[in-house]
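One letter stands for each residue in the lines below.
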Amino acid sequence: MTAETPPARLLPALRRDDRGLPWIGQLLEYQHDPIGHYRRKWQLYGPVAPSRLLGRDTVILLGPDACGEALQNRDKAFANEPAWSQLVGPFFHRGLMLIDFDEHHDHRRIMQEAFTRPRLAGYTRNLHPAIERGMAGWESGRQFRAYWRLKQLTLDIAADLFMGGARQTSPAEMDRVNRAFITCVQAAAGIVRADVPFTRWGRAYRARKVLEEFLRGYLPAKRAEVSDDIFSVLCHIETDDGARFSDDDVVNHMIFLMMAAHDTSTITTSAILQYLGQHPAWQDRCRAEALALGPAPEMAELESLVSIDLVMREALRLRAPVPVLVRYTVKDTVVQGVRIPADTFCTLGIQFTHLMEDYWTEPAAFDPERFAPGRREDRSHRFAWEPFGGGVHKCIGLYFAGLEVKAIMHRLLRAYHWRVDPGYVAPIDHHSLPFPKDGQPIVLVRN
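Residues numbered from 1 in each chain as written. Predicted model: local features only at pLDDT ≥ 70, side-chain atom pairs only at ≥ 80, totals over all residues. Heavy atoms only, no water.

Caption draft 1: Spatial organisation of the packing of helix α12 (residues 280-291) against helix α16 (residues 398-415). Contact geometry for α12 and α16: axes closest at 9 Å, N-to-C directions at 100°. Classified by the angle their axes make, α12 and α16 are roughly perpendicular. Note on element contacts: α16 touches α12 through H410, L413 and R414, opposite Q283, C286, R287, A290 and L291. The class makeup of the residues in the contact of α12 with α16 is four nonpolar, two polar and two charged. (Axes fitted to C-alpha atoms, helices over the stretch in contact; angles between N-to-C directions. Helix = DSSP H or I, 4+ residues; strand = E, 2+ residues; numbered from the N terminus. Parallel < 35°, antiparallel > 145°, perpendicular 65-115°, else oblique. Contact = heavy atoms within 4.5 Å. Nonpolar A, V, L, I, M, F, W, Y, C, P; charged D, E, K, R; others polar.)

This is the structure in structure tokens:
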């Protein structure tokens, strides 16, 4: 400590009127209104706020300064695995997000080979036929629940691009896999965190077995062949010094990647559908860009879709697919001058940062131009906009995700137009990843 560095302050004590329910703590308050809950915490305590969750004391980090310190993790005090394991660990065991430090670096180094620019260009070419097949049965002029249709579409895309020949799997089997992913993700909201029948975690343990059996059934063929789907790539990629993934590594990473790829893309695309339906001028502007390209644009062409990119960034700000990140302190650390002891579960309020008036003009408003070159409000702070996380654990598939969302929107805009009541507010379920409880009803009309 230098003469200029003030001593770290102790973590504020949790106020008696801010403890929530016995044992459950403030979980239900968060699930009812996450932003309102975090705003109250910010007003009471500032950027490092005490909380209580499922029988244990926790810490909430709010604002880009506090979240940025945890994401940068300069003193290696914050770990992912002990935190995420308490939410979904048994079900996404040893996915890239659930390993840390040197091991994480080694696995990420291998996996990065699956997301090089040449490979992304190949995935982009395969996106278009997968999207065309997935949207073939979409009705025109009739209301349907867009979120669930998009979720099935993105799972079909994942089966095509990630698994190649798995697209020949029966619709019933793919539906079983989709339900297994949903069950595993929703385990994060479980109260009983053990393999107990009729609980979220109990159902998720069985769903994980479904996913493992599904992927292991394809593993021998993927080891034997060399193709351009991600499953095969993970089976064969090797670094210059000969590092490769084991069979267990491949299965664990595939389960996590397929979950991340189709869940987060679904949330973002459904949000874009809503906002473009409520802002027809932006929809027309985006459609003009889509119509200027052919039916199957290359990666560089998708990257040139300026308006669609602005809208996607704004949708990610307003409805971050992963609104909170979690970390666990493996040793004492200091954030914003406040000492956080070792063995503390920490929540990083990413979505709260996206709506702070200090960094965004009218933060609740849909305003894609805030990301345009003349404004770039996302640069008001290095960590003002972090829908993909930050630091060494920043989402490895963020560029692929952007290409997938743009490819889906490109086809939707060329084929359909739609309107959404300007007063419609999606009733978001906040138990795990945010999704519209009403399925987001919409009517697509062919152009």
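Caption draft 2: Representation of the environment of D57 within the structure. Examined against the element boundaries, D57 turns out to sit in strand β3 (residues 56-61). On the basis of relative accessible area, D57 is assigned to the exposed category, the value being 56%. Distance from D57 to H93, taken between C-alpha atoms, is 25 Å for residues 36 residues apart in sequence. What D57 contacts, discounting residues up to four positions off in sequence, is S51 and R52. A distance of 2.8 Å separates a polar atom in the side chain of D57 from a polar atom in the side chain of R52. (Buried < 20%, exposed > 50% of the residue type's maximum accessible area, 1.4 Å probe, protein only. Polar contact = N/O pair within 3.5 Å; in protein donor to acceptor, adjacent residues only side chain to side chain.)

Caption draft 3: Local environment of the sheet that holds strand β6 (residues 325-329). Spatially, β2-β3-β9-β6-β4 is the arrangement adopted by the five strands of the open sheet, whose pairing is mixed. Two strands close off the open sheet at either side, each with one partner strand: β2 (48-53) and β4 (78-79). Across four bridges, β3 lies against strand β9 (residues 345-348) in parallel orientation. Considered in β9, the bridge of T58 is made with F345. Seen against the sheet, helix α2 (residues 34-45) touches β2, β3 and β9 and runs at an angle of roughly 125° to β2. The strands touched by helix α3 (residues 63-72) within the sheet are β3, β4, β6 and β9, with β3 carrying the most contacts at an inclination of about 110°. (Pairing = 2+ DSSP bridges.)

Caption draft 4: Geometry of empty space enclosed by the protein. Considering all chains together, one arrives at two cavities of 30 Å³ or more under this definition. Forming the walls of the second largest cavity are 13 residues, and the residues nearest its centre are Y147, K151, V185, D263 and F435. Of all the elements in the fold, those that place two or more residues in the lining of the second largest cavity are α7 (146-163), α8 (171-186) and α11 (247-278). Examining the composition of the lining of the second largest cavity, we find that four residues originate from one element, α8, more than from any other. For the lining of the second largest cavity, the residue count by class is nine nonpolar, two polar and two charged. (1 Å grid on protein atoms, 1.4 Å probe; cavity = no way out; pocket = protein on both sides within 12 Å on 5 of 7 lines; lining within 4 Å. Points joined across faces, edges and corners; volume = space filled by probe spheres on them.)

Caption draft 5: Here's a closer look at the nonpolar core. Core analysis: the largest hydrophobic core is formed by 142 residues, its most contacted members being L61, F92, F162, L234 and W418. Per-element accounting of this core gives the leading share, 15 residues, to α11. Not counting residues up to four positions away in its chain, the partners in contact with L234 are M111, A114, F245, V250, H253, M254 and L257. (Core = buried A, V, L, I, M, F, W, Y, C linked by side-chain atoms within 4.5 Å.)

Caption draft 6: Quick peek at the packing of α8 against helix α9 (residues 200-224). Interaxial distance between α8 and α9 falls to 8 Å at its minimum, and their mutual angle equals 135°. What the angle tells us is that α8 and α9 run oblique. α8 and α9 meet at a crossing whose hand is left-handed. Contacts between α8 and α9 involve E173, M174, R176, V177, A180, F181, T183, C184 and Q186 on the former and, on the latter, R200, R203, A204, A207, R208, V210, L211 and F214. (Left-handed = near helix turned anticlockwise from the far one by under 90°.)

Caption draft 7: Broad picture of the sheet that holds strand β1 (residues 9-10). Strand order in the open sheet formed by three strands is β1-β8-β7, with mixed pairing between adjacent strands. The sheet is open, and its two borders are formed by β1 and β7 (333-335), each paired with just one other strand. Pairing of β1 with strand β8 (residues 338-340), which is carried by two bridges, proceeds in the parallel orientation. In the strand pairing of β8, R9 is matched with V338.

Fair warning: the whole summary comes from geometry, so function is off the table for now.
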